[in-house]
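So you can see what is in the structure, the chains are spelled out below.
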Amino acid sequence: MAMALRCFRHLHSLLYSPLAVMRRLPQAPAGCPAPLLEGCRQCVHQVLLTRQLATKKAKGKGQTQAKVNISAALVEDIINLEATNKDMQAVVEALKEDFNRNVSVRTSPGALDHIIVVTKDGKFPLNQLGQISLKSPQLIIVNMTNFPESTAAAMKAIRESGMNLNPEVDGTLIRVPIPKVTREHRESLAKLAKQSTNKSKDALRKVRSKSMNQVKKFKSKVSEDTIWLLEKQIQQMADDAAAEMDKLLAAKTKELLG
């Protein structure tokens, strides 16, 4: 960590020097490991570029600000940027999976798997309580033979799943007719897709906030510019993930409503 922080200490003098952009980038500190040297140069260059464009943007609207791209090796003792990005992408992937499972005009047996059933013993996914199968293109069967006492709870969960399903019980068998795809049903699914996207964005904001708080813990140990740059990187990663979610929502809405 000490070596990485030494590299970052060069930022302050460079950024506030009036001739900073006119000179060659400084050498890395003596003894700086080879893997960090290039990252140090790139980091300083990116800060200068981003600061210049940020100033220009403040003077004139409509100009694009440069993207930050910090070398993860330089800041690994402050925050794991790769792990942060992985956590954000996991939220995006979860939204994709939710769209495929729950927001589709084609109701499949797999769409019922993760419906949560509330029983006296706790909450369980439907596929852990019953055997789900496709009887015909218009009918799904849920066999509750193994947990007959949970049949009523499973019926209630299916009916309240938001998938426009009206199950019928026959002993320990639950018959789930697959609804016809009406315009009203498509609009209901589009609304559900929007709600799911908003929930995913809430989850994304939690990841971003957690990462920002981690960076702020080092305010007394690194320069203000280092904190600024890391916060910029994290916000950029969050913005990219949110933009990807918006694209998924737009594609799903078009698929549903045309």
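The rules we used
Residues numbered from 1 in each chain as written. Predicted model: local features only at pLDDT ≥ 70, side-chain atom pairs only at ≥ 80, totals over all residues. Heavy atoms only, no water. Helix = DSSP H or I, 4+ residues; strand = E, 2+ residues; numbered from the N terminus. Buried < 20%, exposed > 50% of the residue type's maximum accessible area, 1.4 Å probe, protein only. Contact = heavy atoms within 4.5 Å. Pairing = 2+ DSSP bridges. Axes fitted to C-alpha atoms, helices over the stretch in contact; angles between N-to-C directions. Parallel < 35°, antiparallel > 145°, perpendicular 65-115°, else oblique. Nonpolar A, V, L, I, M, F, W, Y, C, P; charged D, E, K, R; others polar. Core = buried A, V, L, I, M, F, W, Y, C linked by side-chain atoms within 4.5 Å. pLDDT = per-residue confidence, 0-100.

**What to know about the overall build of the protein**
Phase 1 of the analysis: Along the protein, the regular secondary structure elements total eight helices and six strands.
Phase 2 of the analysis: Secondary structure elements of the protein occur, N-terminal to C-terminal, as α-α-α-α-β-β-α-β-β-α-β-β-α-α.
Phase 3 of the analysis: Relative to its 258 residues, the protein shows a buried fraction of 39%.
Phase 4 of the analysis: Counting contacts in the protein only where the partners sit at least 6 residues apart, residues at least 24 apart contribute 62% of the total.

**Overview of the sheet that holds strand 6 (residues 173–177)**
Phase 1 of the analysis: Here we have four strands laid out as an open sheet, ordered 3-4-6-5, and antiparallel in their pairing. Strand pairing shows two members of the sheet lacking a second neighbour, strand 3 (131–136) and strand 5 (168–170), which therefore form its edges. Taking the axes of each pair of neighbouring strands and ignoring which way they run, one obtains an average angle of 25 degrees across the sheet.
Phase 2 of the analysis: Pairing of strand 5 with strand 6, which is carried by three bridges, proceeds in the antiparallel orientation. Its bridge partner being in strand 6, Asp170 is matched across the sheet by Leu173.

**Re the packing of helix 4 (residues 81–102) against helix 8 (residues 224–257)**
Phase 1 of the analysis: At a minimum axis separation of 10 Å, helix 4 and helix 8 run at an interaxial angle of 10 degrees. If you check the angle between helix 4 and helix 8, you find them roughly parallel. Across the interface between the two elements, Leu81, Thr84, Asn85, Met88, Gln89, Val91, Val92, Leu95, Lys96 and Phe99 of helix 4 pack against Leu230, Gln233, Ile234, Met237, Ala238, Ala241, Glu244, Met245, Leu248, Leu249 and Lys252 of helix 8.
Phase 2 of the analysis: Residues belonging to the contact of helix 4 with helix 8 are distributed by class as follows: 14 nonpolar, four polar and three charged.

**Notes on the nonpolar core**
Phase 1 of the analysis: Ranked by internal contacts, the top residues of the largest apolar core, which has 34 residues, are Ile70, Ile79, Leu81, Met88, Leu204, Leu230 and Ile234.
Phase 2 of the analysis: Those elements giving two or more residues to this core turn out to be helix 3 (72–75), helix 4, helix 7 (183–216) and helix 8.
Phase 3 of the analysis: If you tally residues by element for this core, the top one is helix 8, at 11 residues.
Phase 4 of the analysis: Not counting residues within four places of it along the chain, the set of residues in contact with Ile79 comprises Thr84, Ser211, Gln214, Val215, Leu230 and Ile234.

**Details of the packing of helix 7 against helix 8**
Packed helices, taken two at a time, are described by the angle between their axes plus the distance between the axes.
Phase 1 of the analysis: Contact geometry of helix 7 with helix 8 gives a least axis separation of 10 Å together with a crossing angle of 170 degrees. Looking at the two axes, helix 7 sits roughly antiparallel to helix 8.
Phase 2 of the analysis: Classifying every residue of the contact of helix 7 with helix 8 gives 16 nonpolar, four polar and 11 charged.

**Observations regarding the pairing of strand 2 (residues 122–125)**
Residues in a regular strand point their side chains to alternate faces of the sheet.
Phase 1 of the analysis: Two strands pair when backbone bridges link them, and strand 1 (residues 116–119) and strand 2 are joined in this way by four bridges, in the antiparallel orientation. Across the sheet, the residue bridging to Ile116 is Pro125, located in strand 2.
Phase 2 of the analysis: In sequence, strand 1 turns back onto strand 2 through a hairpin of two residues.

**Overview of the side chain of Ser196**
Phase 1 of the analysis: With respect to the helices, strands and loops of the structure, Ser196 is situated in helix 7.
Phase 2 of the analysis: Every residue in contact with Ser196, bar those within four places of it in the chain, is listed here: Leu95, Asp98 and Phe99.

**Some details on the confidence of the model for the protein**
Phase 1 of the analysis: For the protein, the mean per-residue pLDDT works out to 79, and 74% of the residues sit at or above 70.
Phase 2 of the analysis: Scored below 50 in pLDDT, residues 8–60 makes 71 contacts in the model with residues more than four places away or belonging to other chains.

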